[in-house]
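Here is how the chains run, residue by residue.
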Amino acid sequence: MQPLVHFKNVNKYYGKSLAVNNLDLKIERGKFVTLLGPSGCGKSTSLRMLGGFEDPSSGAILLDGKDVTHLPPHRRNVNIVFQDYALFPHLTVGRNIAFGLELKGMPSEKIHARVMDLLALVELQDYADRMPDQLSGGQRQRVALMRALAPDPDVLLLDEPLSALDAKLRHQMQIELKSIQEKTGKTFLFVTHDQEEALTMSDLIVVMNNGRVEQMGDPHTLYARPVNRFVATFIGESNFLDAELRSVEGNIATLDWCGHIIHATLTGPAAKVGSHVTVALRPEAIYAVSREPDRRIALPGRITNRLFKGNFTALTVGLNEGQSLVAQLDPVALAHLEGDDVWIGWREEDAVVLAD
Ligand code: ADP
């Protein structure tokens, strides 16, 4: 199937510095897609190139099969919501949303019906005649979204639209944005540096770093199967063990870590037997028990730190070989104290051998 958006080997230079490095990304219609990465990694530039506000240095951008690479913003059917989501302060809520439709020359009774439909979608039917300064922050945000959706763009571009909100409102708006996207069936391209935001809302996350795509996939895959250290640390937390690959059976690797045999899952092509690789292990994948367990993976250590975190307890376990790992355990079941000797392990499917 033809993707709605196709960034084809897009590069963007500012002077000599490469802000976007060979971006090749296909976006299917109706999906919530997030560009995720640290500040300066090229997220906004990518979004702005699709919007027509930046010209790619090379490569092509296709929208619905049509080459829009060098078309001005008003000649492509996309719309953008900025972080400050500025509404026109002197226009009512209804007129704010109607604005883009009036520009398009839509007949006024049609505009009225469309505005009321959009307001109903965010439960603001009774607010059409209010002025923006009579709305709460969350309401203003919803109106700004509806204004951007009103002209029925093929893609809605959202550049960190939630970052100015306080934590509670931001969480509410995450749920609401996702629900609006699902109800309208529109394609959203969202930019954020906040991994939790990306995990909560996206169908597809594109993790970027230094202008490059590090990995793309659905939230669960990115979390459970990061391909490299960058992704494993940027999304959630990870422990890393440097080990030697001994053998591979199916997608399970047997490795030697400091003389102990451990196991982990391979996500990509196997490295050569005998080579050194990194195993990534989520804190919540680790179990800790007091006696040597009868399991495939068991490493002895001692608890050097124990922090109660409410919904979990974080243990730092100093392994006998000198390395420390962080484990997150259920606080109810947890009897271990600082200074206790423990054995730790994990299920082999919960640890991954990184590709780098
Ligand atoms: P992000 O959105 O991930 O924070 P940007 O896409 O804004 O990153 O920026 C990527 C890189 O390009 C950064 O190094 C940034 O400093 C640079 N950059 C962005 N816009 C411009 C510009 N107009 N002129 C020069 N450099 C820019």
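Parameters at a glance
- Residues numbered from 1 in each chain as written.
- Predicted model: local features only at pLDDT ≥ 70, side-chain atom pairs only at ≥ 80, totals over all residues.
- Heavy atoms only, no water.
- Helix = DSSP H or I, 4+ residues; strand = E, 2+ residues; numbered from the N terminus.
- Buried < 20%, exposed > 50% of the residue type's maximum accessible area, 1.4 Å probe, protein only.
- Contact = heavy atoms within 4.5 Å.
- Areas by Shrake-Rupley, 256 points an atom, 1.4 Å probe, with all protein chains shown as cover.
- Lys, Arg positive; Asp, Glu negative; His and termini not counted.
- Charge placed at Lys NZ, Arg CZ, Asp CG, Glu CD.
- Domains from an automatic or database assignment.
- Buried area = accessible area lost by both parts, 1.4 Å probe.
- Salt bridge = Lys/Arg side-chain N within 4 Å of Asp/Glu carboxyl O.
- Polar contact = N/O pair within 3.5 Å; in protein donor to acceptor, adjacent residues only side chain to side chain.
- Nonpolar A, V, L, I, M, F, W, Y, C, P; charged D, E, K, R; others polar.
- Pairing = 2+ DSSP bridges.
- Near = heavy atom within 4 Å.

1. Re the overall build of the chain
Assigned secondary structure in the chain consists of eight helices and 20 strands. For the C-alpha atoms alone, the extent of the chain along its principal axes is close to 75 × 45 × 35 Å. Taking all 356 residues of the chain together, the buried fraction comes to 50%. Of all intrachain contacts in the chain linking residues separated by at least 6 positions in sequence, the fraction that spans at least 24 positions is 65%. Carbon and sulfur atoms form 49% of the exposed surface of the chain, whose accessible area is close to 17000 Å². Side chains of the chain give 37 positive and 44 negative charges; the mean places of these two sets differ by 5 Å.

2. Things to note about the domain arrangement of the chain
Looking at the chain, the domain boundaries give domain 1 (5-231) and domain 2 (237-353). The C-alpha-based centres of domain 1 and domain 2 are spaced at 39 Å. On the domain 2 side, the residues contacting the six residues of domain 1 number nine residues. Between domain 1 and domain 2, roughly 750 Å² of surface is buried when both sides are summed, and carbon and sulfur atoms account for 45% of that area. When residues of domain 1 are sorted by the area they lose upon contact with domain 2, Tyr223, Arg225 and Arg229 head the list and together hold 75% of the total. At the surface where domain 1 touches domain 2, the tally comes to one salt bridge. The shortest N-O distance in the salt bridge between Asp242 and Arg229 comes to 3.7 Å. Summed over the shared surface of domain 1 and domain 2, the number is three residue pairs in polar contact (both at pLDDT 80 or more). Sort the elements by how many residues they give to the side of domain 1 that touches domain 2 and helix 7 (residues 219-224) lands first, with three residues. Split by residue class, the side of domain 1 that touches domain 2 holds four nonpolar, no polar and two charged.

3. Points about the pairing of strand 14 (residues 276-281)
Most of strand 14 sits inside the fold, with five of its six residues counted as buried. One ladder, built from six bridges, connects strand 11 (residues 239-249) with strand 14; its direction is antiparallel. Bridged to Phe240 within strand 14 is Ala280.

4. Points about the site of the ligand
Close to the ligand lie Tyr14, Ala19, Pro38, Ser39, Gly40, Cys41, Gly42, Lys43, Ser44 and Thr45, which account for all nearby residues. Measuring from a nitrogen atom of the ligand, one finds a side-chain N or O atom of Tyr14 at 3.5 Å. Within the side chain of Thr45, one N or O atom sits 2.5 Å away from an oxygen atom of the ligand. Taken by itself the ligand offers 560 Å² of open surface, and the protein chains cover 55% of this. For the shell around the ligand, the leading source of residues is helix 1 (residues 43-51), giving three residues. In terms of residue class, the shell around the ligand is built from four nonpolar, five polar and one charged.

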